[in-house]
Amino acid sequence: MNRVLYNLRYLLLPLLSLTVISCRKDLCYDHDAHTPSVRINIMAEWELEWERTYNFNWEELWEKEWEHAYDDLRPQKAQGIRAIVYTEGGTRLENNLTWEGGRLPMPEGIHDLMFYNNDTEYIVFNDLTHALSATATTRGVTRSSLKELHAGEHTVNAPDQLYGSYHEAYTAKRTLTVVDHRITMRPLTYTYYIRYKFTHGLEYVALARGALAGMAKNVYLMDGHTGNEAATVLFDCSLTDWGTEALMQSFGTPNYSGDHYTRTEDSPARYTLNLEVRLKNGRLLSFEFDVSGQVNAQPRGGVIQVDGIEIPDGADSEGGFDVSVDDWGEWVDVPLPLE
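Residues numbered from 1 in each chain as written. Predicted model: local features only at pLDDT ≥ 70, side-chain atom pairs only at ≥ 80, totals over all residues. Heavy atoms only, no water.

Engineer: Could you clarify how one ought to interpret the side chain of R195 in this entry?
Structural biologist: Following the sequence through the fold, R195 ends up in strand β14 (residues 190–200). Within the structure, the side chain of R195 is placed 3.1 Å from the side chain of Y193, a separation counted as a polar contact. For R195, the residues in contact, after removing those within four places along its chain, are W66, E67, W242, T244, E245, V303, I304, Q305 and V306. (Helix = DSSP H or I, 4+ residues; strand = E, 2+ residues; numbered from the N terminus. Polar contact = N/O pair within 3.5 Å; in protein donor to acceptor, adjacent residues only side chain to side chain. Contact = heavy atoms within 4.5 Å.)

Engineer: Teacher, can you tell me more about the sheet that holds strand β22 (residues 302–310) here?
Structural biologist: Paired through backbone hydrogen bonds, the strands of a sheet run either parallel or antiparallel to each other. Taken together, the 4 strands give an open sheet; going across it, the order is β18-β19-β14-β22, and neighbouring strands pair in mixed fashion. At either end of the open sheet lies a strand with only one pairing partner, and these are β18 (238–239) and β22. Alignment of β18 against strand β19 (residues 243–250), held across 2 bridges, turns out to be antiparallel. By the bridge assignment for β19, S238 is matched with E245. (Pairing = 2+ DSSP bridges.)

Engineer: Hey, could you run me through the pattern of salt bridges in this one?
Structural biologist: Opposite charge on two side chains lets them pair, provided their charged atoms get close. Tallied over the entire structure, the rule returns 12 salt bridges. For the salt bridge of R186 with E47, the shortest nitrogen-to-oxygen distance reads 3.9 Å. One end of the pair, R186, is in strand β13 (residues 179–187); the other, E47, is in the loop between β2 (40–46) and α2 (58–61), with 139 residues separating them in the sequence. A salt bridge links E288 to K147, with the nearest nitrogen and oxygen atoms 3.9 Å apart. Of this pair, E288 sits in strand β21 (residues 284–290) while K147 sits in the loop between β9 (141–142) and β10 (154–157); the two residues are 141 residues apart in sequence, bridging distant segments of the chain. The class of K147 is exposed, set by a relative accessible area of 58%. If you follow the salt bridges from partner to partner, you end up with E49, E59, D71 and R74 in one network. (Salt bridge = Lys/Arg side-chain N within 4 Å of Asp/Glu carboxyl O. Buried < 20%, exposed > 50% of the residue type's maximum accessible area, 1.4 Å probe, protein only.)

Shown next, in the form of structure tokens:
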């Protein structure tokens, strides 16, 4: 009997050893869950606004017969988020998150956090080394038929939708549990609903496009204020039964500083709206409108309307061929290389 117990003990000892080793391995693999570390979970909310109410409350003034409903102009949530952590040691850490947010790695300490959507096509980001200097601009293009509306202004593509959020001096602590940090992604680009109304000759028009001079060339990601430099934004138009229209995105007006924006009446900024139309016989006509009053009253999106546009009788009598997109030639805007 003693011999049997003796042999059984030697058979069980290896099994007990394996059990102990397995438990130790489990503790090792689960070590992170039991050790304090920085665990930040970003939770993103999206502010889906296409304009800011100033002199006009367009949500209340919206005309029922307009082709778009007010809410149709609201932007969509972005597909993803670029997160930049500016550490107190001067290092810049970048990560990509989903549109909902996610785990954002960072060291312990006090950091500045910057967020913007990472799915833009025409946006160019500059000076991201420091949060104070980080800006977004858009790509330059040329349009051979368009003369300068404002002397010295570059012509640029309309930017696509841009959102941003900034959090200064965020304290990252080592914890055993995940800390949720909510951010609101606010728009840094706004939409202008531009309406060109014809009183005569619309039936002669085959294609149309426009430009708006005097708009902000860039925007600062940290707080959404725009720089002093102006640019002429180019855009395409669509024909309607009363004229032509466009939805043009922009950073807004230059030198805009936020909710307390003011501009003295003694030195109002100047804005010029252009319309180019290609007639069905191939002839190109250009119109210019001073829209300074409308844009000054709507520094971040809104509705711009001009009317009284006439195509004189006989303007379509010369030539006589149907214009298609392929026929336009110089109508195509040419992208410029990045500086």
